[in-house]
Amino acid sequence: MMFAIVKDTTTASEEYFMEKVLDLISGKMGGAFEAAGYDRTYGRVTVSNRPDLCEQLSAAMNAIYSANPNFADELYQKYFPQDYVNRIDFTAEEKAYLAQSPTLRVAALKENYPLLYQEGGQLKGILPSCLQLITQRTNLNFEYVYGETMTELETLVREGKADLIGMYLNDDQAADQSGWTRTPSYARLDLVVLMNKRTSASASMTMAVPEGITMKPTQPEDKIRFYKTYLDCIRAVNEGRADYVRMPAAFAEDFYSRDYYANINLITLNNDHEEVTLAMPQPADVLLYSIFSKAIHNFSQMEKECLVSQNLLQIRKSAVTIKSLLYSNPLMMLSVCVGGIGLIF
């Protein structure tokens, strides 16, 4: 690998700084080649005072990618096979901790499709699937401690009844301000806005937000009103006590599978998503945080995609209610009512 330095325009101090940087890069590159089973000298990074040569190399690479856009992926698959990609370099201290195969208590909402839910007497969801992948890589075991709200999950951990939160939805800034440390995300869920049909977007609105969740309103002048859960939020919007709520589309899908909300319009959001992570209270256990980070970063792209897709494709069974029948098939319900009245009289 070469970096061009133009002698006429580069000062001595800049050249010295660049050479130090390249020495650091060479060390990292050499270590990577050595870890992959090659001679570390292949990872040498040098300085070139031939910018014209670097331009020729750049032009050659552009020509290669024009001819074969998958060139980099093909090289990666050839020289970094799956058995190497899936290796995790745990430190001696981490290995000693994992050798004990400890069981960690995970605070979670019991019915929160698609993150965690019961189906046919079995526990399913993105979170159990994620923890299973972590177990395969670390030998860690997990058990669940359930709460009813996001705030309760935080309380369970702070009171020592759980070791970590399994479905944390706030971003890094909100986590830091409230005393939590997030792991790398293990899932991303698309967001939607559910808005009351009678709401005028031009006026100041009220946004419904679950307790324990930090969100910015759509408009700076909008107010925020907190409710216990996302379900309470969607009911408040439907009843006109709040104007809108922003939530993962999968949550809304689950709510609609169990009830009908006649006064709500659904608005899709482009490239807006919620990251789902594990979270530990600050100051975080550095050893445990390192283990989780290494395990989650080790998930392949296919595994990450399957975590979400397999659980979103699950067909949820919901009870049929009079209300759902009325909105789904009003003519049939009208006929039943008329027939019932005819029998009575």
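Look above for the structure.
So, a few notes on the structure that sits alongside this text. Computed from a predicted structure; not experimentally measured.

## Some words on the packing of helix α5 (residues 92-99) against helix α11 (residues 286-297)
In the contact formed by α5 and α11, the axes pass within 10 Å of each other and the chain directions differ by 90°. By the criterion of interaxial angle, the relationship of α5 to α11 is roughly perpendicular. Residue-level inspection shows E93, E94, Y97 and L98 of α5 in contact with α11, the latter providing L287, L288, S290, I291 and K294. Partitioned by chemical class, the residues of the contact of α5 with α11 number five nonpolar, one polar and three charged.

## With respect to the pairing of strand β7 (residues 164-168)
Of all five residues in β7, five are buried; the element is thus mostly enclosed. With two bridges joining them, strand β3 (residues 103-109) and β7 adopt parallel strand pairing. For V106, the partnering residue across the bridge sits in β7 and is L164. Both β7 and strand β13 (residues 264-281) contribute to a ladder of two bridges, which runs antiparallel. Bridge assignment links I165 to a residue of β13, and that residue is A279.

## Quick look at a nonpolar patch on the surface
Together, M61, I64 and Y65 line one region of the surface with nonpolar side chains, adding up to about 230 Å² of accessible area. Tracing the backbone shows I64 in helix α2 (residues 51-67). Taking the relative accessible area as the measure of exposure, I64 reaches 31% and is therefore partly exposed.

## Quick look at the pattern of salt bridges
Across all of its chains, the model carries eight salt bridges by this definition. For the salt bridge of K294 with E94, the shortest nitrogen-to-oxygen distance reads 2.9 Å. Residue K294 is found in helix α11, and its partner E94 is found in helix α5; the two are separated by 200 residues along the sequence. Residues E159 and K161 are paired through a salt bridge, measuring 3.4 Å at the closest nitrogen-oxygen approach. Through salt bridges that share partners, D172, R182 and E275 make up one connected network.

Each value, and the rule that gives it
Residues numbered from 1 in each chain as written. Predicted model: local features only at pLDDT ≥ 70, side-chain atom pairs only at ≥ 80, totals over all residues. Heavy atoms only, no water. Axes fitted to C-alpha atoms, helices over the stretch in contact; angles between N-to-C directions. Helix = DSSP H or I, 4+ residues; strand = E, 2+ residues; numbered from the N terminus. Parallel < 35°, antiparallel > 145°, perpendicular 65-115°, else oblique. Contact = heavy atoms within 4.5 Å. Nonpolar A, V, L, I, M, F, W, Y, C, P; charged D, E, K, R; others polar. Buried < 20%, exposed > 50% of the residue type's maximum accessible area, 1.4 Å probe, protein only. Pairing = 2+ DSSP bridges. Patch = residues over 30% accessible without salt bridge, like charges linked within 9 Å, V, L, I, M, F, W, Y side chains within 5 Å. Areas by Shrake-Rupley, 256 points an atom, 1.4 Å probe, with all protein chains shown as cover. Salt bridge = Lys/Arg side-chain N within 4 Å of Asp/Glu carboxyl O.

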